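# A closer look at the structure
As a plain string of letters, each chain reads:
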Amino acid sequence: MSVLMRDEAQTRAQLIDVHRYTVTLDLTTGDETFESRAAIHFTALAAGDTFVELKPALLRSVTLDGQPLDPAALDGNRLALPGLAPGEHELLVDATMRYSRTGEGMHRFTDPSDGETYVYSQMFLEDAQRVFAVFDQPDLKAVFELGVTAPEGWTVLGNSVATDEGDGRWSLAPTPPISTYLVAVAAGPWHSVRTEHAGLPFGIHCRRSLAPHLDIDADEILAVTRACYDRYHEKFEEPYPFDSYDQAFVPEFNAGAMENPGLVTFRDEFVFRSAVTDTERQTRAMVIAHEMAHMWFGDLVTLTWWDDIWLNESFAEYMGYQTLTEATRHTDTWVAFGIDRKSWGYDADQRPSTHPVAPDPGSVPDTAAAMLNFDGISYAKGASALRQLVAWLGEKDFLAGINTHFTRHKFGNATLADFIDSLAASTDRDVHRWAEQWLRTTGVDTLTPTVANARTTAAANGSGGSGGTGGGTGLGNGSETGWTLHVTQHGDRPHRIAVGAYDRDLVDPG
Ligand SMILES: [Zn+2]
């Protein structure tokens, strides 16, 4: 199987424009496989060759513009589409696909406690091709219209509102243009708690055996969901881009959660089965807020290539903590960030394996390399850098820049350069230089303070360390001698620091 190279993705994005996928899945054909039919409508912008990806158990038939192609031509996960003429094309692919037990593609799980079966998809980062034939890269967005046939008694969930057509057939409303890695389906005899907010259907779902545990916490989960939703609408000018908001707590999930538009999936360990600490409740609330931030940053505006995955994650991380602090009872979230997440970033940044927050695009040549960047740099250091940026720009200008970014690139793709350009339109500060200094470099700076009273100041300054740019700050505490703070910096980035001075002894407790 071939992983997709960045230059291959760029070449393909220049050649074709994908409009619409009509995908039909039949989940009633046994425990091992399911049936998948995809009709893909796309335009070739010039004459040329390209390929579509697919990892089938059996490729039954392929038809391009009414002409059959040989299924045996499938080479690994790639089916060549040679000699495309400029203009409109229709590709029909009929295949049998495998369920997975690894959380890749369409995961299938049978609950040992009651024998009920559930399936759900995880298409990140190039696993849509495990479910249907697809041009599997983030900057070939398209409208997705899915139909699912499911066993009697199941409920089907997806990116958009699902309609039960009877006889186990479900249809999902067409999505706005979204990336292939964000398509989602979850089907099974879910236990659901449904409500409505801001005129949209909201739902939370879990496997039946966890129903009592979800019900106990449903009010809390939905309250956090509503509060974050409302707060994001105060921050962002673009309205929530999809037609519903479902959150499914799914079994055997590899990650913490996945930001599929309109259908966020969470590991079902977040449905608590015994008494938990308030910190665990805060963590769950944080993940809810984080995934919802992705509806705008990630789903509405999507990275062009995987070198910008840090920007997705740092933004969601920053927005999640900040919004939880502003909109819910969890007002101390930045303390948890400082203790837990930020130390993860410091740790990762002092190892030989560290990398710039924003890696050079050339260092992420393929999708396999992209996976290596899911670390303390992309999440924690990046979120710290964004928080620092907000402090420096001021939240008003930062949000103005974000809203410019959403307006410019909605339902499309953008790069770090686009993001910085959007910010630059809203501030007179040099954000390009900030990005070079903080996002394109590695490692930590060390600032070492030395405090001396006036008589020994000369000696203290003289001993300032090597390689740094020292600066002295008079503290002037009113005593007759006075004190001097001397800071030695190892590192080249600009810092602005605040200084506080305190009496060591409480001479006058009042
Ligand atoms: Zn995320």
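Before going further, it helps to examine the coordination of the zinc ion. The protein atoms donating to the zinc ion are H290 (NE2), H294 (NE2) and E313 (OE), with metal-donor distances spanning 2.0 to 2.1 Å. Donor residues for the zinc ion, ordered by position in the chain, follow H-x3-H-x18-E. With H290 in helix 3 (residues 278-294) and E313 in helix 4 (residues 309-327), this pair connects stretches of sequence that are 23 residues apart. The exposure class of E313 is buried, given its relative accessible area of 5%.

Turning to the pairing of strand 7 (residues 87-98), a few remarks are in order. Bridge count between strand 2 (residues 33-44) and strand 7: 12 bridges; the pairing is antiparallel. Within the sheet, the bridge partner assigned to A38 lies in strand 7 and is V93. When strand 4 (residues 58-64) meets strand 7, the two strands line up antiparallel, connected through six bridges. By the bridge assignment for strand 7, S61 is matched with D94.

Topologically, N312 is positioned in helix 4. In this structure N312 touches Y181, E259, H294, F297, G298 and L303, once residues within four positions along its chain are discounted.

With that out of the way, let us pick up a negative patch on the surface. On the surface, a cluster of negative charge is made up of E152, D164, E165 and D167. One can find D167 in the loop between strand 12 (162-166) and strand 13 (169-172).

Conventions and cut-offs
- Residues numbered from 1 in each chain as written.
- Predicted model: local features only at pLDDT ≥ 70, side-chain atom pairs only at ≥ 80, totals over all residues.
- Heavy atoms only, no water.
- Donors = N, O, S within 2.8 Å, 3.2 Å for Na, K, Ca; no water.
- Helix = DSSP H or I, 4+ residues; strand = E, 2+ residues; numbered from the N terminus.
- Buried < 20%, exposed > 50% of the residue type's maximum accessible area, 1.4 Å probe, protein only.
- Pairing = 2+ DSSP bridges.
- Contact = heavy atoms within 4.5 Å.
- Patch = residues over 30% accessible without salt bridge, like charges linked within 9 Å, V, L, I, M, F, W, Y side chains within 5 Å.
- Areas by Shrake-Rupley, 256 points an atom, 1.4 Å probe, with all protein chains shown as cover.
- Salt bridge = Lys/Arg side-chain N within 4 Å of Asp/Glu carboxyl O.
- Lys, Arg positive; Asp, Glu negative; His and termini not counted.
- Charge placed at Lys NZ, Arg CZ, Asp CG, Glu CD.

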